[in-house]
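# Reading the structure
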Amino acid sequence: MPLSLFLIALFALAFLLFDIVLCVRVWWMTELPLWRRILPTLLLCLALAASISRAWGITAVAEAVAFPLTVATALLGTFELDRRRARRAAAAGRTEGVS
């Protein structure tokens with residue numbers, strides 16, 4: 001196996017781990033509605049299912065859907081975490097101004 005393929009596989013595993021961590025963190029945000037907590041996990045599961053479809057010879061679906069869904073999972077997860085961080089900062093700013 002050439003070194004470049006090994007590095008690509010290592011990057012893919014790191015990105016998958018990053019997506020899983022984001023999904024878990026969004027899942028535990030109880031202040032969000034249920035559908036917004038489930039959406040990143042659902043997108044990641046669809047991406048993994050599309051990627052696994054390569055084993056049965058269905059490469060067109062995997063090539064067209066798997067990577068964009070994985071990226072969408074990362075973007076949506078970071079968006080939700082940033083919004084939560086902004087809400088907490090705004091709430092902290094309001095409580096400091098009251099006292």
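Here, the structure is the one placed above.
Residues numbered from 1 in each chain as written. Predicted model: local features only at pLDDT ≥ 70, side-chain atom pairs only at ≥ 80, totals over all residues. Heavy atoms only, no water.

## Details of the overall build of the protein
- Looking only at helices and strands, one finds three helices and zero strands in the protein.
- Ordering the α and β elements of the protein from the N terminus gives α-α-α.
- For the protein, whose C-alpha radius of gyration is 18 Å, the value lies well above the compact-globule estimate of 13 Å for 99 residues.
- If you line up the protein on its principal axes, its C-alpha atoms span 65 × 30 × 20 Å.
- Looking at the protein residue by residue over its 99 residues, the buried ones come to 23%.
- Considering only contacts within the protein whose residues lie at least 6 apart along the sequence, 59% involve residues at least 24 apart.
- Carbon together with sulfur atoms contributes 75% to the accessible area of the protein, which is approximately 7000 Å² in total.
- Distance between charge centres in the protein, computed from 10 positive and 6 negative side chains, equals 6 Å. (Helix = DSSP H or I, 4+ residues; strand = E, 2+ residues; numbered from the N terminus. Rg over C-alpha atoms; globule rule 2.2 N^0.38 Å. Buried < 20%, exposed > 50% of the residue type's maximum accessible area, 1.4 Å probe, protein only. Contact = heavy atoms within 4.5 Å. Areas by Shrake-Rupley, 256 points an atom, 1.4 Å probe, with all protein chains shown as cover. Lys, Arg positive; Asp, Glu negative; His and termini not counted. Charge placed at Lys NZ, Arg CZ, Asp CG, Glu CD.)

## Considerations on the pattern of salt bridges
- Scanning the entire structure with this criterion turns up four salt bridges.
- Here E31 ties to R87 by a salt bridge, and the two come within 3.6 Å at their closest N and O atoms. One end of the pair, E31, is in the loop between α1 (3-27) and α2 (34-52); the other, R87, is in helix α3 (residues 59-98), with 56 residues separating them in the sequence.
- Taking the relative accessible area as the measure of exposure, E31 reaches 42% and is therefore partly exposed.
- Measuring nitrogen to oxygen at the nearest pair gives 3.1 Å for the salt bridge that ties R85 to D82. Linking R85 with D82, this pair stays in helix α3, spanning three residues, or about one helical turn. (Salt bridge = Lys/Arg side-chain N within 4 Å of Asp/Glu carboxyl O.)

## A word on α2
- In this model α2 runs 27 Å from its N-terminal to its C-terminal C-alpha over 19 residues, within 8% of the 27 Å that 1.5 Å per residue would give.
- The largest bend along α2 reaches roughly 30° and is located at P40.
- What α2 keeps buried is the set R36, R37, P40, L43, L44, A47 and A50. (Expected span 1.5 Å × (residues − 1). Bend = angle between axes of the 7 residues up to and from the residue.)

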